[in-house]
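Chain by chain, the residues run as shown.
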Amino acid sequence: MIYPLLQAAAGFTREYSAAWALLGAGIGAGLAVIGAGIGIGRIGGSAVEGMARQPEAAGTIQTGALILAALIEGAALIAIVVAFLIQGKFA
């Protein structure tokens, strides 16, 4: 049962593996950007809503929102760098 799978896997060339790696890198980079956009958008919306409800706490809310947005942006940047490293390995 496993033997046909091993035969099929042995026939894969470097170009075939590179094509899947490049596709995965592109999808990974796209998902990282979309996820970061959604996360930062939700943070911004919640921060504005919080500032509208409590204007006296606007400075604290804004500082927290900026820190969280920076953390999300950092995680997205790391994901994109990993995707580019995968692409550079096979391209």
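Position labels on residues start from 1 in each chain and follow its written sequence. pLDDT decides what is reported in this predicted model: residues at 70 or higher carry local features, side-chain atom pairs at 80 or more are listed and counted, and totals for whole chains, interfaces and linings draw on all residues regardless. Based on all heavy atoms of the structure, the side-chain values leave hydrogens and waters out of the count.

Engineer: How should the overall build of the chain be read in this particular structure?
Structural biologist: Numbering goes from the N terminus for both helices and strands, where a helix is a DSSP run of H or I of at least four residues and a strand is a run of E of at least two. Per the secondary structure count, the chain includes 3 helices and 0 strands. For the chain, the α and β elements follow one another from N to C terminus as α-α-α. To get the radius of gyration, use the C-alpha atoms; to get the globule rule, take the number of residues to the power 0.38 and multiply by 2.2 Å. Relative to a compact globule of 91 residues, whose C-alpha radius of gyration would be 12 Å, the chain shows 21 Å and is clearly more extended. For the chain, with 91 residues in total, the buried portion stands at 15%. Taking the intrachain contacts of the chain between residues at least 6 apart in sequence as the baseline, contacts between residues at least 24 apart amount to 78%. Total accessible area on the chain is roughly 6700 Å²; 73% of this is exposed by carbon and sulfur atoms. For the chain, the distance from the average position of its 4 positive side-chain charges to the average position of its 4 negative side-chain charges is 10 Å. When a residue's accessible area, from a 1.4 Å probe over protein chains only, is under 20% of the maximum for its type it is buried; when over 50% it is exposed; and in between it is partly exposed. Pairs of residues are marked as contacts when any of their non-hydrogen atoms sit within 4.5 Å. Accessible surface is estimated by sampling points in the Shrake-Rupley manner with a 1.4 Å probe; for residues, cover comes only from the protein chains shown. Residues counted as positive are Lys and Arg, residues counted as negative are Asp and Glu, and His and the chain ends are not counted. Where a charge lies is defined by one atom per residue type: Lys uses NZ, Arg uses CZ, Asp uses CG and Glu uses CD.

Engineer: Looking at this structure, how should I read the confidence of the model for the chain?
Structural biologist: When pLDDT is low, close inspection of the predicted coordinates is not appropriate. pLDDT is defined as a per-residue confidence score from the predictor, taking values between 0 and 100. Taken as a whole, the chain shows an average pLDDT of 89; of its residues, 98% reach a score of 70 or greater. The least confident element of the chain, judged by mean pLDDT, is helix 1 (residues 3–10) at 73; the most confident is helix 3 (residues 58–90) at 93.

Engineer: Sorry if this is basic, but what is going on with the pattern of salt bridges here?
Structural biologist: If charged atoms from side chains of opposite charge come close, those side chains can pair. Here a salt bridge means any side-chain nitrogen of Lys or Arg lying within 4 Å of a carboxyl oxygen belonging to Asp or Glu. Applying the stated criterion to the full structure yields 1 salt bridge. A salt bridge links glutamate 49 to arginine 53, with the nearest nitrogen and oxygen atoms 3.2 Å apart. On the criterion of helical spacing, the pair formed by glutamate 49 and arginine 53 is a turn pair, its members being 4 residues apart in helix 2 (residues 14–53). According to the relative accessible area criterion, glutamate 49 is partly exposed, its value standing at 45%. The class of arginine 53 is exposed, set by a relative accessible area of 65%.

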